[in-house]
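Per-entry structural report
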Amino acid sequence: MCRRLIIISFTWGDVDCNSLADKFGTPLYVYDESVINSRCNEIEQDFLQKWDNTFAYYASKAFSIKYMTRIIKNHGMGLDVVSEGELLTALHAGFPAEKIELHGNAKSFYDINSAVKSGVGRFIIDNIQELELLAKVSHDNNFVANVLFRVTPDVKTDTHAHISTGVKGSKFGFPIEGDMLNEAVKFALNDDYINSQGIHFHVGSQLFEPVSHLEALRKIIKLMLKLKRNLNFITRELNFGGGFGARINPKIEHVALKNFTDPLMQMLESECKANDLLRPRAAIESGRWIVSEAGITLYTVENVKRLPGILYIAVNGGMSDNPRYALYGAEYEAVNVNNPDGEIYNPEGRVSIVGKCCESGDILIDDAKISYTKPGDIIAIYNTGAYNFSMASNYNKLLRPAVIFANNGEANLKVERQTYEDLLKGELL
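So, here is what we can say about the structure in this document. Owing to the predicted nature of the structure, the values given are computational and were not obtained by experimental measurement.

1. A few points about the packing of aromatic side chains
Under the criterion given, the structure shown has 17 aromatic pairs. Both rings, one in Phe201 and one in Phe240, keep their centres 6.1 Å apart while their planes meet at 65 degrees; by these two values the pair is edge-to-face. In this pair, Phe201 sits in the loop between β10 (194-200) and α8 (211-231) while Phe240 sits in the loop between β11 (237-239) and α9 (258-274), placing the two residues 39 residues apart along the sequence. The exposure class assigned to Phe201 is buried, which follows from its relative accessible area of 0%.

2. Re the environment of Asn316
Structurally, Asn316 is set in the loop between β14 (310-315) and α11 (324-328). The exposure class assigned to Asn316 is buried, which follows from its relative accessible area of 14%. Not counting residues within four places of it along the chain, the set of residues in contact with Asn316 comprises Thr26, Pro27, Tyr299, Thr300, Glu302 and Lys356. In terms of polar contacts, Asn316 uses its side chain to reach the side chain of Thr26, at 2.9 Å. A polar side-chain atom of Asn316 sits 2.9 Å from the main-chain amide nitrogen of Thr300.

3. Thoughts on the packing of helix α7 (residues 180-189) against α8
It is the contact of α7 with α8, at a shortest axis distance of 12 Å, that shows an interaxial angle of 55 degrees. In terms of their interaxial angle, α7 and α8 are classed as oblique. Crossing angle aside, the handedness with which α7 passes α8 is right-handed. Mapping the contact onto sequence places Leu181, Asn182, Val185, Lys186 and Leu189 in α7 and Leu223, Leu227 and Leu231 in α8. Taken together, the residues that form the contact of α7 with α8 break down as six nonpolar, one polar and one charged.

4. Some thoughts on helix α1 (residues 17-24)
Most of α1 sits inside the fold, with six of its eight residues counted as buried. Taken as a whole, α1 has its buried residues at Cys17, Asn18, Leu20, Ala21, Asp22 and Phe24. Phi turns positive one or two residues past the end of α1, at Gly25, with a value near 80 degrees.

5. So, the environment of Ala184
Among the secondary structure elements, Ala184 is positioned in helix α7. Along the backbone, Ala184 and Phe174 are ten residues apart, and their C-alpha atoms lie at a distance of 9.1 Å. Apart from residues no more than four positions distant in its own chain, Ala184 is found in contact with Ile128, Leu131, Phe149 and Phe174.

6. Here we look at the nonpolar core
Counting 86 residues, the largest nonpolar core has Ile36, Tyr58, Phe63, Phe123, Phe149 and Phe240 as its most contacted members. Considering each element in turn, this core owes the most residues, nine residues, to α8. If we ignore the near neighbours within four places in the chain, the residues touching Tyr58 are Phe63, Met68, Ile72, Met77, Gly78, Leu79, Asp80, Ser286, Gly287, Ile290 and Val291. Judged by nonpolar contacts, the second largest core, of 19 residues, contains Trp12, Cys17, Ala21 and Phe24.

7. Let's talk about the pattern of salt bridges
Summed over all chains, the structure comprises twelve salt bridges. The closest approach of N and O atoms between Arg281 and Glu237, which form a salt bridge, is 3.4 Å. Of this pair, Arg281 sits in strand β12 (residues 281-286) while Glu237 is found in strand β11, placing the two residues 44 residues apart along the sequence. Across this residue pair, the class does not change: Arg281 and Glu237 are buried. Salt-bridge contacts for Asp367 lead to Lys369; the nearest nitrogen and oxygen are separated by 3.4 Å. One network of salt bridges, with partners in common, ties together Arg122, Glu237 and Arg281.

The rules we used
- Residue numbering note: each chain is counted from 1, following its sequence as written.
- Reporting of local features is limited, given that this is a predicted model, to residues whose pLDDT is at least 70; pairs of side-chain atoms are given and counted only at 80 or more, and all residues count toward the totals for whole chains, interfaces and linings.
- Computation of side-chain values covers all heavy atoms of the structure but excludes hydrogens and water.
- Note on aromatic contacts: the rings of Phe and Tyr and the six-membered ring of Trp form a pair at centre separations within 6.5 Å, being stacked when their planes are under 30 degrees apart, edge-to-face when over 60 apart, and tilted otherwise.
- Helix numbers and strand numbers start at the N terminus; a helix is a DSSP run of H or I with at least 4 residues, a strand a run of E with at least 2.
- Burial classes: relative accessible area under 20% of the type maximum marks a residue as buried, over 50% as exposed, and values in between as partly exposed (1.4 Å probe, protein chains only).
- Throughout, a contact is declared for two residues whenever any of their heavy atoms are within 4.5 Å.
- Side-chain atoms alone can form a polar contact between residues adjacent in sequence; in general such a contact is a pair of N or O atoms within 3.5 Å, and within protein one must be able to donate a hydrogen while the other accepts it.
- Axis angles are defined between N-to-C directions and span 0 to 180 degrees, where every axis is a line fitted to C-alpha atoms and, for a helix, only to the segment in contact.
- Throughout, the term roughly parallel applies to angles under 35 degrees, roughly antiparallel to angles over 145, roughly perpendicular to angles from 65 to 115, and oblique to all others.
- Note on convention: near helix rotated counterclockwise from far helix by under a right angle means a left-handed crossing. Clockwise means right-handed.
- Side-chain classes follow a simple rule in which Ala, Val, Leu, Ile, Met, Phe, Trp, Tyr, Cys and Pro form the nonpolar group, Asp, Glu, Lys and Arg form the charged group, and the remainder, Gly included, forms the polar group.
- Throughout, nonpolar core names a set of buried Ala, Val, Leu, Ile, Met, Phe, Trp, Tyr and Cys residues whose side chains join them through atoms within 4.5 Å.
- When a carboxyl oxygen of Asp or Glu lies within 4 Å of a side-chain nitrogen of Lys or Arg, that pair is called a salt bridge.

Read these as geometric descriptors, not functional statements.
Next up, the structure:
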């Protein structure tokens, strides 16, 4: 690794980012731990303490490492997992199994078996086949599984189609209309090893207004009435899912949790009272909202190339450590760590920050607003705390970055940078 003159210029978690790049190399994921703690405290103050009979889960798919799991445990929250790998990560960190829920639309025998043997507290049921499998595994292990039925409420959302999950025809859950849900509920009510608790819904991700959540809740309350009337099924627990948006720039005020939870809880309480329904335990699942704005990714600029109408800033990472632009056009903003307060560069044409992968779609920011940048500079891309580490790959045989947690001026390594020995492990000639 080449050494550079350290210039104190831009900090994250009160740690100088040039120093981080020099010590740990780039690309590098850096998390401000205080932001994560602040989001968890907001959940406690504006949801758990404000409203009776509530609970909150962290959706670990957003960012699943043992240290992050430990933070969630310390805040007394639950954990949402979708695979045996995420479950084992939590268990290895000492997370209590009874506060874990197993989610996902294609749970394998191994996912379910591991969750049952671990004593997981909730199973979010997606389809009748996995319900039957869960009943068998639970019977074989003399275990009673608490289940919620995931329902697709058929509402439109103001987000990219790839992260809109509540629409009709979604791969997730039971359609709100038709007989599929009724058949699953009947099966569950007649099985001694299934304890039917309630309903789960999720409308989509990166939402900044509660319109879709409220529309979905109206439909779910009607469903609660229908299930009570026709099957004597009492909804004792209702999970609103998550999807609360994360801003792309830390200078913008973050989305307050109460903007979603207050109107949802007000509607739930008033409608349950009006319809003589038990007001169920209410839960949320937040992943991106907790962790995304806490994270940045540091890159080294390899070259700057001028072409007619466009200037390319090429960095030493890209879609291998952040595929979200290529997947669904995720928007980001960046800062030149070496010149954070400089005048925004405005060449003739647009500025595009791109990666080193051999794909035309390997773009991080298509129209960047950044100060003058030259090879060797360190740039930081904001709001990369969610779904970057989780989705990282070894495309082009690139190594996965390290993860640093910064807090009160101290930087702590939490995931080591992958080595070439790690990369080739398991390959046979």
